[in-house]
Amino acid sequence: MAERKVGDICGSSASTTSDDHPKDTLDLKPEDGDPESPEAQKDQDLKSVLVTSVLNLEEIDVDLYRGTHHWVPRTQRLFGGQIIGQALVAAAKSVGDNLYAHSLHCYFVRAGDPKVPVLYQVDRIRDGRSFTVRSVRAIQHGQPILICQASFQMLQPSPLQHQFTMPAVPPPEDLLTAEELIRLYLSKPDLAEKYKLGLNKLLAIEVPIEIKPVNPPVFYKVTASEPKNLFWVRARGYIGEGNMKLHCCVAAYVSDFALLGTALLPYPGYRAQFAASLDHAMWFHSTFRSDEWMLYECESPWAGGSRGLVQGRLWRRDGVLAASCSQEGVLRVKPVTRPSKL
Ligand SMILES: CC(C)(COP(=O)(O)OP(=O)(O)OC[C@H]1O[C@@H](n2cnc3c(N)ncnc32)[C@H](O)[C@@H]1OP(=O)(O)O)[C@@H](O)C(=O)NCCC(=O)NCCSC(=O)CCCC(=O)O
């Protein structure tokens, strides 16, 4: 597969280019300073696998792309965030550089099979004056596993601007990563052997996302809590400035991580026997860098009927709301014989 620059991943195959779109458009621009400097080169060498692999779709034909897998959950069904992120990449390919992803809505209709790639068939529903809509079917074995609609808008400033206030939490520098927390727990002399195995398996997983739980006992369900969870999150590796559509695709990938589990937090006496996202909706509010720490505020306002509704808000460190998402998932649980000692 020809090496594609980051800019090509969401670069548009549409002809529209406009000279008057604002500076921070989708064109890649080198980082400030000397792009050949050792630091810039080191960063480039550490480019996120989300960019070099997961979201780097192969073009099969016009509006037809193929995606491969990097990390698959232990359920051995494809991670929902991967399919959403790849679907948004496919949708963005035929959208002009002057248009920004502002929302997506999707249903997961079949489990993804990690043994075969995913095809993304894009339907160009409408190119309006301000809004452009694409429909994407993610296909495996000739059947859709995901149906997704994505909408893109020209930049249209407005005097109507408001947002909630970002929660007050410790900065990521004051918190430990998930890996550091697991190593800390593994260092406990009285840790039972059976927990060591599970924790070492967790450490071995190559998740392309870095996480810093704000409240680890809540994050790991050691204590019962209200269905709310806060953690800092960012893509592992370097992505850089420029292509906002790409950062939206990475944020879509990130947004499905640990989100559904929020609905389980009040029930430490139960564990999921079968849990899977049914749908996922996402709205993008401002520019952001998905390879920089963002606060993920997750909450579950409702659960019942073997389903849970969960909502997330991704905050930039400066308090600007970057993106919001909502998801319903099927949650079939069974009692835990012993509470998790995590
Ligand atoms: C949601 C379903 C499964 C619905 O399909 P369906 O044919 O109606 O299937 P189903 O009857 O619901 O069965 C599904 C499964 O649930 C089991 N089941 C059924 N009833 C019960 C019960 N009472 N107690 C316990 N288990 C029950 C069935 O045996 C099925 O299990 P099986 O697939 O046979 O192992 C389907 O549409 C589907 O698979 N959609 C794709 C879901 C998906 O893959 N989402 C993305 C991946 S999940 C994710 O990435 C989020 C991460 C979650 C996390 O945070 O960890």
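Keep in mind it's a predicted model, so treat the numbers as computed, not measured.

Examining the nonpolar core
The biggest cluster of nonpolar side chains holds 77 residues, and the ones touching the most others in it are L104, Y120, L146, F152, M282 and F284. For this core, the element with the highest residue contribution is helix α8 (residues 244-255), accounting for nine residues. Judged by nonpolar contacts, the second largest core, of seven residues, contains M166, W293, L295 and W315.

Describing the site of the ligand
Around the ligand sit 16 residues in total, of which R77, G80, V109, S277 and R332 are the nearest. Between the ligand and the protein, one listed contact pairs an oxygen atom with a side-chain N or O atom of R77 at 2.8 Å. Between the ligand and V109, the relevant distance is 3.2 Å, taken from an oxygen atom to a main-chain nitrogen or oxygen of the residue. When isolated, the ligand has an accessible area of 1100 Å², and the protein chains bury 52% of it. Among the elements that make up the shell around the ligand, the one with the highest residue count is strand β9 (residues 270-277) (four residues). When the residues that make up the shell around the ligand are grouped by side-chain class, the tally is nine nonpolar, three polar and four charged.

Description of the pattern of salt bridges
Where charged atoms of side chains with opposite charge meet at close range, the side chains can pair. Enumeration over the complete set of coordinates arrives at 15 salt bridges. With its nearest N and O atoms 3.1 Å apart, the salt bridge here joins R289 to E241. Of this pair, R289 sits in the loop between β10 (279-284) and β11 (294-304) while E241 sits in the loop between β8 (228-235) and α8, and the two are 48 residues apart along the sequence. In this structure R289 comes out as buried when scored by relative accessible area, which is 14%. Residue R307 pairs with E328 through a salt bridge whose shortest N-O separation is 2.7 Å. Of this pair, R307 sits in strand β12 (residues 307-315) while E328 sits in strand β13 (residues 321-335), placing them 21 residues apart in sequence. Relative accessible area serves as the criterion here: at 32%, R307 is assigned to the partly exposed category. Look at the salt bridges and you will find they share partners, linking E241, R289, D291 and E292 into a network.

Let's talk about the packing of aromatic side chains
Two measures describe an aromatic ring pair: the distance that separates the ring centres and the angle between the ring planes. By the definition in use, this model includes seven aromatic pairs. Taken together, a centroid distance of 6.1 Å and an interplanar angle of 75° make the contact between F79 and F257 edge-to-face. With F79 in the loop between β2 (64-67) and α4 (80-92) and F257 in the loop between α8 and β9, the pair connects residues that are 178 residues apart, well separated along the chain. Per residue, the accessibility class of F79 equals that of F257, and both read buried. Members of the aromatic cluster, each reached through a chain of ring pairs, are W71, F79, Y253 and F257.

Thoughts on the environment of S53
Checked against the element boundaries, S53 lands in helix α3 (residues 49-54). Residue S53 is classed as partly exposed on the basis of its relative accessible area of 24%. C-alpha separation for the pair S53 and H70, spaced 17 residues apart in sequence, amounts to 7.4 Å.

Focus: the pairing of strand β1 (residues 58-61)
The pairing of β1 with β2 spans three bridges and is classified as antiparallel. The residue bridging E59 from the neighbouring strand is Y65, located in β2. Here β1 hands over to β2 after two residues, with D63 in that stretch at a positive phi of 60°.

As for the pairing of β13
Of the strand pairs in this sheet, β9 and β13 are connected by seven bridges, and their pairing is antiparallel. Across the sheet, the residue bridging to Y270 is P335, located in β13. Note: β10 against β13, four bridges, orientation antiparallel. Residue M282 lies in a different strand from β13, and its bridge partner there is C325. Connecting β12 to the next strand, β13, in antiparallel fashion are five residues, including G319 with a positive phi near 90°.

Remarks on the confidence of the model for the protein
When pLDDT is averaged across the protein, the result is 87; 85% of the residues are at 70 or more. Across residues 1-7, confidence stays below pLDDT 50; counting only partners more than four residues off in sequence or on other chains, it has 13 contacts. Confidence drops under a pLDDT of 50 for residues 11-33, and excluding neighbours within four residues, the segment shows 51 contacts in the predicted structure. Scoring of the predicted complex yields 0.87 for pTM and 0.92 for ipTM.

Some points on the packing of α4 against α8
For the pair α4 and α8, the least separation of the axes is 7 Å and the interaxial angle reads 160°. On the basis of the axis angle, α4 is roughly antiparallel to α8. As α4 packs across α8, the resulting crossing turns out to be right-handed. Here α4 contributes G81, Q82, I84, G85, L88, V89 and A92 to the contact with α8, which in turn contributes K245, C248, C249, A252 and Y253. For the contact of α4 with α8, the class distribution of residues is eight nonpolar, three polar and one charged.

Thresholds applied
Residues numbered from 1 in each chain as written. Predicted model: local features only at pLDDT ≥ 70, side-chain atom pairs only at ≥ 80, totals over all residues. Heavy atoms only, no water. Core = buried A, V, L, I, M, F, W, Y, C linked by side-chain atoms within 4.5 Å. Buried < 20%, exposed > 50% of the residue type's maximum accessible area, 1.4 Å probe, protein only. Helix = DSSP H or I, 4+ residues; strand = E, 2+ residues; numbered from the N terminus. Near = heavy atom within 4 Å. Polar contact = N/O pair within 3.5 Å; in protein donor to acceptor, adjacent residues only side chain to side chain. Areas by Shrake-Rupley, 256 points an atom, 1.4 Å probe, with all protein chains shown as cover. Nonpolar A, V, L, I, M, F, W, Y, C, P; charged D, E, K, R; others polar. Salt bridge = Lys/Arg side-chain N within 4 Å of Asp/Glu carboxyl O. Phe/Tyr/Trp six-rings, centres within 6.5 Å; stacked < 30°, edge-to-face > 60°. Pairing = 2+ DSSP bridges. pLDDT = per-residue confidence, 0-100. Contact = heavy atoms within 4.5 Å. Axes fitted to C-alpha atoms, helices over the stretch in contact; angles between N-to-C directions. Parallel < 35°, antiparallel > 145°, perpendicular 65-115°, else oblique. Left-handed = near helix turned anticlockwise from the far one by under 90°.

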